[in-house]
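Given next are the chains, with one letter for each unit.
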Amino acid sequence: KAENNFYHVVQQKNISGEAEKIVVSSELLNGSWMDLCSELNLCKSKSEIRRLIQQGGFSVNQQQMKDINAIVEIPAEGVHIKIGKRKFYNLVLK
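Basis of the calculations
- Residues numbered from 1 in each chain as written.
- Predicted model: local features only at pLDDT ≥ 70, side-chain atom pairs only at ≥ 80, totals over all residues.
- Heavy atoms only, no water.
- Buried < 20%, exposed > 50% of the residue type's maximum accessible area, 1.4 Å probe, protein only.
- Helix = DSSP H or I, 4+ residues; strand = E, 2+ residues; numbered from the N terminus.
- Pairing = 2+ DSSP bridges.
- Phe/Tyr/Trp six-rings, centres within 6.5 Å; stacked < 30°, edge-to-face > 60°.
- Contact = heavy atoms within 4.5 Å.
- Arc of directions from axis to C-beta.
- Core = buried A, V, L, I, M, F, W, Y, C linked by side-chain atoms within 4.5 Å.

Trainee: Explain the pairing of strand E5 (residues 87–93) to me, please; I cannot follow it from the model alone.
Mentor: Two faces belong to every sheet, and in a regular strand the side chains alternate between them. Across the 7 residues that make up E5, a large majority, 5, are buried. Direction of pairing for strand E1 (residues 20–24) relative to E5: parallel, over a ladder of 5 bridges. From the neighbouring strand, Lys21 faces E5, where its bridge partner is Asn90. The loop that links strand E4 (residues 79–83) with its antiparallel partner E5 comprises 3 residues; one of these, Gly84, has a positive phi angle of about 70°.

Trainee: Could you clarify how one ought to interpret the sheet that holds strand E2 (residues 58–60) in this entry?
Mentor: Paired through their backbone hydrogen bonds, the strands of a sheet run either parallel or antiparallel. The 5 strands are arranged E1-E5-E4-E2-E3 in an open sheet whose pairing can be described as mixed. Two strands bound the open sheet, and with one partner strand each, they are E1 and strand E3 (63–64).

Trainee: Which parts of the structure should I look at to understand the packing of aromatic side chains?
Mentor: Given two aromatic rings, their pairing is described by the distance between the two centres and the angle made by the two planes. Taken as a whole, this structure holds 1 aromatic pair when the rule is applied. With a centroid separation of 5.9 Å and 55° between ring planes, the pair formed by Trp33 and Phe58 is classed as tilted. Residue Trp33 is located in helix H2 (residues 33–39), and its partner Phe58 is located in strand E2; the two are separated by 25 residues in the primary sequence. The class for Phe58 is buried, based on a relative accessible area of 1%.

Trainee: Can you walk me through the side chain of Ser59 in this structure?
Mentor: The residue Ser59 is located in strand E2 in this model. If near-sequence neighbours (up to four positions away) are discounted, Ser59 is found in contact with Gln64, Met65, His80, Ile81 and Lys82.

Trainee: What is the right way to look at helix H3 (residues 46–54) in this model?
Mentor: An α-helix turns once per 3.6 residues; consequently, residues spaced three or four apart project the same way. Among the residues of H3, Glu48, Ile49, Leu52 and Ile53 are the ones counted as buried. For H3, the angular spread of buried residues about the axis comes to 130°, placing them on one side. Contacts from the buried residues of H3 go to H2, E2 and E4.

Trainee: Would you mind showing me how to read the nonpolar core here?
Mentor: Soluble, globular proteins show a tendency: their nonpolar side chains are buried together. Core analysis: the biggest nonpolar cluster contains 24 residues, and Trp33, Ile49, Phe58, Ile74, Ile81, Ile83 and Leu91 have the highest contact counts within it. Every element with two or more residues in this core is listed here: E1, H2, H3, E2, E4 and E5. In terms of residue count, H2 provides more of this core than any other element does, 4 residues in total. Those residues in contact with Ile49 that lie beyond four places of it in its chain are Met34, Cys37, Cys43, Phe58 and Ile83.

Trainee: When you look at the environment of Gln55 in this model, what are you seeing that I'm missing?
Mentor: In this fold, Gln55 is placed in the loop between H3 and E2. Distance in space between the C-alpha atoms of Gln55 and Lys66 is 7.1 Å, their sequence separation being 11 residues.

This is how it looks when you write it as structure tokens:
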């Protein structure tokens, strides 16, 4: 089972079954991705998420983000975010 999970998640980059679903309220959409991740406690600290974004360890819908000031945009169907190598989340609007 672990080998199968590794194949699908790491090698094939299929995150659909592994992602935790998080409902985001609309008032959190006015800031940057760094602020949103900090508010939702997705990382230990703001400096950790800043470092991950700058070093390419943060992606939205499998598109790498490197701008720490990028504004949060979540469409009605939601977005998939990846933080580091093993943290996957589905963010949907409230």
